[in-house]
Amino acid sequence: MQSKLSSLFDAFLPVIATLAALAVGAVMLLFLKVNPLEAYAALWDGAFGSANSFAETLVKATPLLLVALGICISFRGDVINIGGEGQMIIGAVLATWVGLTLTGLPGWLAITLAMLAGFLGGAVWGGIPGILKAYFRVNEILSTVMMNAIAVQLMNFLLRGPMIDPSQAELASKIPQTARLLDIFHLPRLAPTRLHLGALIAVVLAILVYILLWRTTAGYRIRAVGQNPNASRYAGIKVPRYVVLALLLSGAFAGLAGAVQVYGVNYRMITDGSSSGFTGSAGFNGIVAALFGQLHPIWSIPASILFGALLVGANKMQRVVQVPSALITVLNGLVVIFVVSSEIWRRRRQRRRLAAAPVEESPPEEDQPNVQTKEANQ
Amino acid sequence: MITDLLSTTVLIGILASGVRLATPYLYAAIGETFSQKSGVLNLGVEGQMLIGCFAAFYVALTTGNLWLGLLVAILVGALMGLAMAFVTVNLHAQQGISGIGFYLFGLGMSELLFQRLMGTVETVRGFPKIEIPVLIGIPFIGEILFNQNILVYGAYLLVPLAWFILNKTTLGLKISSVGENPDAADSLGVSVARVRYFTITLGGVLSSVAGASLSIALLNVFQQNMTSGLGFIAVALVYFGAWRPFGVLAGALLFSMVNSLQLWVQVLNIPIPSDIAVMMPYVLTILVLVATVSRVRAPSALTRPFEREE
């Protein structure tokens, strides 16, 4: 009975962490001489106040969820992928190129090919750091960060040169953007709002990723490598191969997020020179959403909606009480810090449960689940 | 055009700005070296830099006192470092992830404060260049090395200082033992927690100073997200330098020299697309990581929280 209560408490840890972050946010709002209740009311209203605003929340949640699904895979495999931004960009570039090149195709076919291109682009951009980690021992955190910077410059170069909108190329302004996709290539809308098919695709994929991780050999091996690479090696698993696979899949989902963003929302690519100009930092915020969903693909769905809501609501909050939307970035950071910090209580209770169990069932000291040591092998 | 690039004045320009541009990398990466040597990966460097960058700039702008700006950056950096240390040492949080949290926190906080307190981009008059007497007279080298501002000199003095502390003092020995084998260190009476608190806080201070060096000594402005990935590169430089201060120095110089060359290529209108040129330092960093990292071993306890066996 008690263990049931305590595992319920575990499930609510992220919620408690969020409430703590909001509380800190409230203190900050007081310092900014803004009534926190008023600010949070505006936030809520902006995110859920009407059918339209809720649809906007879901539109924002879609790329977050797709990135988060990839993060679930890679973090479970003990691979820290910080390259979501770059992978989104490369996926989007490739998908856009498909749509602008294959203009003769029927809509459904072009969209399918474009989504595949996005998936592929992200897979390549994630696969490179994967290979570097698995076979050259280059820390993936560093290589993915570098790959982000490279992707941004590649995008800027392509959008200013080879892929520039022909009509912009003739103008003096030369806005760095591609031509607009044909109308028949847009992802269909699901309601008389901006909500598009991408949201549905993301939810279906969440289920597929769940199946992948817990119902297939490949998924089992990815998780085994993440839990204990040495034991996996002894068990005959080719560890490097699954490190590459984890990063490659992780990148692929981010790449798809980029493609969906172009085909569902913007209908073209445009750059302001930075990565967040295109991604809206979804490559980072997706990590936050995945962690919040405890690296579980299904739980990542509500988590993404929550963070989508924060982003959409932040705009309204900015308009109503003049608080810069950067406050939401701060809150996201605090949520991450609080969630990882609160893990200690979960582990403590886990240990107490193990200690309370009958002696013959208690595993030897070294075998105790020890989440922190997971990333010790750099 | 190629001859333009090779003329002496241009060469001096490239090298001098390369020396200057290495400054923020040096502060941040030396700080990170200390924390990694003690077994702690601090990925929040970028966030700490942004906060220091803003704090120093804002104080310098409103009070007109650069030293006060630097001091405030140091204090704010220490606070950020202490917070990171608490989360890492006491709460055993997974370091790669809590670092992302601190990065987002710093990114958002610096932007929030910037928009709320300033709103528009302004400039300050940063630390002036100081010519070192006598040494400035050395042909060629004098112009490159000895006509810089105080924070640049500070960064280069930090390197041998860090080397000395890490290799020749008891403190340095404690730091490496905590990073290599915390259990053994603990049983010999070294306080793992205290050593890590020290290194993480020092890392926070130096990251913050790195940010300050951008906003009140090198570029003398503050913009949103103005470090744009610099802090992450600093972390990469620690691996690159194989956890040795002089290795970090070599990496920082290589990176900033390529960067400076790339800027001059643009200034001189050499027909390489600027976006591609900007990309080069990052490509180079990956390549060098491939070439070097596989040969060196990281501190054994890196990213492992310490818990005394009961």
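Position numbers for residues start from 1 in each chain and track the written sequence from start to end. Each chain gets a letter, beginning with A, and each ligand a number, beginning with 1, in the order they are written. The model is predicted, so local features are restricted to residues of pLDDT at least 70 and side-chain atom pairs to those at 80 or more, both for listing and for counting; the totals for chains, interfaces and linings are taken over all residues.

A. Molecular detail of the overall build of chain A. Counting from the N terminus, the helices are the DSSP runs of H or I reaching at least four residues and the strands are the DSSP runs of E reaching at least two. Counting its secondary structure elements, chain A contains 15 helices and zero strands. For the C-alpha atoms alone, the extent of chain A along its principal axes is close to 75 × 55 × 35 Å. Contacts in chain A between residues at least 24 apart in sequence constitute 78% of all its contacts with a sequence separation of at least 6. It is the C-beta atoms, placed from the backbone, that decide contacts: two residues are in contact if theirs lie within 7 Å.

B. Structural context of the interface of chain B and chain A. Listed per partner, the contact involves 44 residues of chain B and 42 residues of chain A. For the side of chain B that touches chain A, the secondary structure elements donating two or more residues are helix H5 (95-117), helix H11 (230-240) and helix H13 (274-293) of chain B. Sorting elements by how many residues they give to the side of chain B that touches chain A places H5(B) first, with 15 residues. Taken together, the residues of the side of chain B that touches chain A break down into 29 nonpolar, eleven polar and four charged. Under the scheme applied here, ten amino acids are nonpolar (Ala, Val, Leu, Ile, Met, Phe, Trp, Tyr, Cys and Pro), four are charged (Asp, Glu, Lys and Arg), and all others, including Gly, are polar.

C. Structural context of helix H8 (residues 170-180) of chain B. Along H8(B), the residues classified as buried are Lys174(B), Ile175(B), Ser177(B), Val178(B) and Gly179(B). The elements touched by buried residues of H8(B) are helix H2 (8-37), helix H7 (150-168), helix H9 (182-187) and helix H10 (192-218) of chain B. Around each residue's C-beta, the other C-beta atoms within 10 Å are counted; 20 or more make the residue buried, 12 or fewer make it exposed, and counts in between make it partly exposed. All C-beta atoms are placed from the backbone.

D. Summary view of the packing of H7(B) against helix H12 (residues 245-267) of chain B. All names here are of chain B. Angular values range over 0 to 180 degrees, each being the angle between N-to-C directions of two axes fitted as lines to C-alpha atoms, with helices fitted over their stretch in contact. Across the interface, H7 lies against H12 with an axial gap of 8 Å and an inter-helix angle of 155 degrees. The pairing of H7 with H12 is recorded here as roughly antiparallel in orientation. In this structure, H7 contributes Val159, Ala162, Trp163 and Leu166 to the contact, and H12 contributes Pro245, Phe246 and Leu249. Residue composition of the contact of H7 with H12, by class: seven nonpolar, no polar and no charged. The cut-offs work like this: below 35 degrees is roughly parallel, past 145 is roughly antiparallel, 65 to 115 is roughly perpendicular, and the gaps in between are oblique.

E. Summary view of the environment of Val152(A). Residues and elements named next belong to chain A. Along the chain, Val152 falls in helix H6 (residues 140-160). In this structure, the C-alpha to C-alpha distance between Val152 and Gly273, residues 121 residues apart in sequence, is 7.4 Å. In this structure Val152 touches Ile89, Ser274 and Ser275, once residues within four positions along its chain are discounted.

F. Spatial organisation of helix H5 (residues 107-136) of chain A. With 30 residues, H5(A) ought to run about 44 Å at 1.5 Å a step, and its terminal C-alpha atoms sit 42 Å apart, in line with that. In the stretch just after H5(A), Arg137(A) is the one whose phi turns positive, near 55 degrees. The span expected for a helix works out to 1.5 Å for each residue beyond the first.

G. Highlighting the domain arrangement of chain A. Taken as a whole, chain A is organised into domain 1 (1-34 + 323-350) and domain 2 (60-321). An automatic or database domain assignment supplies the start and end points of every domain. Relative placement of domain 1 of chain A and domain 2 of chain A: their C-alpha centres are 26 Å apart.

H. Summary view of unusual backbone geometry. We note that Gln322(A) has phi near 55 degrees; this positive angle belongs to a residue other than glycine. Structurally, Gln322(A) is set in the loop between helix H14 (300-321) and helix H15 (326-356). The class for Gln322(A) is exposed, based on 12 C-beta atoms found within 10 Å. At Asn225(B), a position not held by glycine, the phi torsion is positive, near 45 degrees. By the C-beta count within 10 Å, which is 18 here, Asn225(B) ends up partly exposed.

I. The nonpolar core, seen in detail. Each nonpolar core consists of buried Ala, Val, Leu, Ile, Met, Phe, Trp, Tyr and Cys residues. Their C-beta atoms, within 7 Å, join them into a set. With 218 residues, the main nonpolar core has Leu26(B), Ala56(B) and Leu237(B) as its most contacted residues. Tallying contributions element by element places helix H11 (residues 239-266) of chain A first for this core, with 17 residues. Per-domain counts for this core show at least three residues from each of domain 1 (1-34 + 323-350) and domain 2 (60-321) of chain A. Once residues lying within four places of it in the same chain are set aside, the contact partners of Leu26(B) are Ala155(B), Leu158(B), Val159(B), Leu249(B) and Ala252(B).

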